[in-house]
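Chain by chain, the residues:
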Amino acid sequence: MPSSGSDQPPASRDVISDLESAARRLDPGPDERRQAADRVSEYIHEYLDRLPNAPARFDRPDGGMAIRDSPISEDGIGLEAALGLIRENVDTVGLNPTSGRFFGYIPGGGLFGSGLGDWLAATTNRYSGVTFASPGAVRMENMLIDWMARLIGFPDTAGGYLAAGGSLANQTAIVTAREAKGVEGAEVERSVVYLTEHTHHCIRKALRIAGLRTCVHRVVPVDDRFRMRVDALEQALRQDVKNGLKPFLIVASAGTTNTGTVDPLGPIADLASEYDAWYHVDAAYGGFFRLCGESCPETVDLLEPMSHADSVVMDPHKTLFVPYGTGALIVRDRRRLLEVHSMDADYMQDTRSAGHEDSPADLSPELTKHFRGLRLWLPLQMHGVAAFRAALSEKLHLARYFHRRIGEVDGFETGPEPDLSVVTFRYVPAEGDPDDFNRRLVERLQRDGRIFLSSTQIDGRFTLRLAAVCFRSHREHVDEVIDILRRTAINLPLS
Ligand SMILES: *Cc1c(COP(=O)(O)O)cnc(C)c1O
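Presented here is a report on the structure given in the accompanying data block. (Residues numbered from 1 in each chain as written. Predicted model: local features only at pLDDT ≥ 70, side-chain atom pairs only at ≥ 80, totals over all residues. Heavy atoms only, no water.)

## Some remarks on the overall build of the protein chain
Counting its secondary structure elements, the protein chain contains 19 helices and 13 strands. For the protein chain, the C-alpha radius of gyration of 26 Å lies close to 23 Å, the compact-globule estimate for 495 residues. If one aligns the C-alpha atoms of the protein chain with their principal axes, the spans along those axes are about 85 × 60 × 40 Å. When each of the 495 residues of the protein chain is scored for burial, the buried share is 48%. When contacts within the protein chain are restricted to residue pairs at least 6 apart in sequence, those whose partners lie at least 24 apart make up 76%. Approximately 24300 Å² of the protein chain is accessible, and the part contributed by carbon and sulfur atoms is 51%. Of the side chains in the protein chain, 56 bear a positive and 70 a negative charge, and the two mean positions are spaced by 2 Å. (Helix = DSSP H or I, 4+ residues; strand = E, 2+ residues; numbered from the N terminus. Rg over C-alpha atoms; globule rule 2.2 N^0.38 Å. Buried < 20%, exposed > 50% of the residue type's maximum accessible area, 1.4 Å probe, protein only. Contact = heavy atoms within 4.5 Å. Areas by Shrake-Rupley, 256 points an atom, 1.4 Å probe, with all protein chains shown as cover. Lys, Arg positive; Asp, Glu negative; His and termini not counted. Charge placed at Lys NZ, Arg CZ, Asp CG, Glu CD.)

What follows is the structure, given as structure tokens:
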């Protein structure tokens, strides 16, 4: 062995023991630990106790400044002061996606059971990146992936991984498609990607990051319900082949973010197969509605053809209600993922002999990663799938209920009957510019903050949307939205 690089003599016992007693503060003893855990637990219960009456948005644009002004210091400020900073500067500032009155964008989750799972995962800190390190943690995550693969209807060849979110899962899907189809060098510019104007922007971002910016981006027209037009897709494919281009990737949405629309997944699958293009379904928002059985058979029919995709993205941090930081990519043939992501290194040699269980590190761009599975597995095991199925079916019904009820209120017009749980609508004032009126309407609602809705542009028109996704949203909250919308619209000046 080479000799030590340092000529320093070893430190005296006193120096080391001083350091030890300072360092031991990082590892509190049983009493201190219990006290701190009780204090955090109390904080969480107070938060949840207040939640039913808390706003969906806190109108404090300068909120959070005290965090900026409380630098990380030598001695720390202690748990109590830190909780105070969190309460005043984080938990009562900005949007409140844990509220049942939050209907903006695609609402998130925050199941209590996931919080417990995260606490367990963070404390036991099992290494879920490679099977050798924690076969149990890896098997838990792979089992969840298998469960999702069965939900999609994929064969046993499927595999995937729990990503940090839908954007990263889509990113991995696109890199996998690129490798599987050999799109590199001169091929890039003659390879065609098919999507619609409603495809989530993370797909274009992923294409750019993946070095596929110069692929031909074919924006396929949509029908009057914002679904990809199959006839237009077919025509584009035919024309592209005729022109010497190569159909590379078709991206369908199973629930667009904008309108919750499900593209015609079955007919698109047929075309993808006919033209030998990779078929990716972005079901980040809508995929888990596949769980809804008898109570919503139409929805099941819409989503069933996901089973023909080459890859599917679903976001447990949306429609399985777990906290942010949990997406999923499932690929029909997991060898495609392994081909791209499996790598070796000398310092990893001990980890190779772990048997048949694929490591997330070999299926994804990550190595050391959050043990995400536990925040999903624990609530599923605690409550069972039936509770999730009921919550999702309830959201589908709430969206239809809102669509009908708001359409009956004077002055409001609605977009199409929702495929899933997003409803678009707007107010048509007796006079003046409707775009301007709806812009001011949504601003007024957001400043008020009791409920939260977001807006979008559809065919160049300023449009409001309600996304029923939060597991805490029930009919009373939708009724409250309708009431607040009606009153606010009536009282808003026409210009
Ligand atoms: C939310 C969403 C994404 C992006 O997922 P993140 O988890 O926010 O990164 C992609 N596609 C669709 C359809 C989405 O709804």
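## Details of unusual backbone geometry
Look at Tyr 105: it is not a glycine, yet its phi comes out positive at around 45 degrees. Within the fold, Tyr 105 resides in the loop between strand E2 (94–95) and helix H5 (112–124). Residue classification places Tyr 105 among the partly exposed positions, given a relative accessible area of 44%. Positive phi, close to 70 degrees, is recorded for Phe 226, a residue that is not glycine. Mapped onto the elements of the fold, Phe 226 is located in the loop between strand E5 (216–219) and helix H10 (230–242).

## Comments concerning helix H9 (residues 201–209)
When H9 is considered as a whole, its buried residues turn out to be Cys 202, Ile 203, Ala 206 and Leu 207. For H9, the angular spread of the buried residues around the axis is 145 degrees, confining them to a single face. Exposed residues lying more than 90 degrees from the buried face of H9 are Arg 208 and Ile 209. Contact partners of the buried residues in H9: helix H7 (166–180), strand E4 (191–195), E5, strand E6 (246–253) and strand E7 (278–282). Gly 211 occupies a position one or two residues after H9 and carries a positive phi of about 75 degrees. (Arc of directions from axis to C-beta.)

## Regarding a positive patch on the surface
Together, Arg 204, Lys 205, Arg 208 and Arg 213 line one region of the surface with positive charge. You can see Arg 208 is positioned in helix H9. Accessibility expressed as a relative area gives 56% for Arg 208, which makes it exposed. (Patch = residues over 30% accessible without salt bridge, like charges linked within 9 Å, V, L, I, M, F, W, Y side chains within 5 Å. Salt bridge = Lys/Arg side-chain N within 4 Å of Asp/Glu carboxyl O.)

## Here's the deal with the layout of surface pockets
The space that makes up the largest pocket amounts to roughly 1200 Å³. Lining the largest pocket are 36 residues, with Val 40, Ile 44, Gly 115, Leu 116 and Asp 118 sitting closest to its centre. Secondary-structure elements contributing two or more residues to the lining of the largest pocket are helix H2 (30–50), helix H4 (78–89) and H5. Of the residues forming the lining of the largest pocket, the biggest block, twelve residues, is contributed by H2. A breakdown of the residues in the lining of the largest pocket according to their chemical character gives 20 nonpolar, nine polar and seven charged. Volume-wise, the second largest pocket comes out at about 600 Å³. Only H7, H9, helix H13 (316–319) and strand E12 (454–458) provide two or more residues apiece to the lining of the second largest pocket. No other element matches the five residues that E12 contributes to the lining of the second largest pocket. Counted by class, the lining of the second largest pocket contains eight nonpolar, 18 polar and seven charged residues. (1 Å grid on protein atoms, 1.4 Å probe; cavity = no way out; pocket = protein on both sides within 12 Å on 5 of 7 lines; lining within 4 Å. Points joined across faces, edges and corners; volume = space filled by probe spheres on them. Nonpolar A, V, L, I, M, F, W, Y, C, P; charged D, E, K, R; others polar.)

## What to know about a nonpolar patch on the surface
Taken together, the side chains of Val 40, Ile 44, Leu 79, Phe 112, Leu 116, Trp 119 and Met 382 present a nonpolar region at the surface, about 610 Å² in accessible area. When contributions to the nonpolar patch are tallied by element, the ones reaching two or more residues are H2 and H5. The element best represented in the nonpolar patch is H5, accounting for three residues. Along the chain, Trp 119 turns up in helix H5. In this structure Trp 119 comes out as exposed when scored by relative accessible area, which is 54%.

## Examining the pattern of salt bridges
Counting across every chain of the model gives 31 salt bridges. In this structure, the salt-bridge partner of Arg 225 is Asp 419, at a minimum N-O distance of 3.1 Å. Taken together, the positions of Arg 225 in the loop between E5 and H10 and Asp 419 in the loop between strand E10 (412–414) and strand E11 (422–427) put the pair 194 residues apart, joining distant regions of the chain. Classification of Asp 419 by relative accessible area gives buried; the value is 10%. Here Arg 229 and Asp 231 are joined by a salt bridge, their closest N and O atoms 3.1 Å apart. When its relative accessible area of 45% is taken as the criterion, Asp 231 is described as partly exposed. Because the salt bridges share partners, they merge into one network encompassing Arg 39, Glu 42 and Glu 80.

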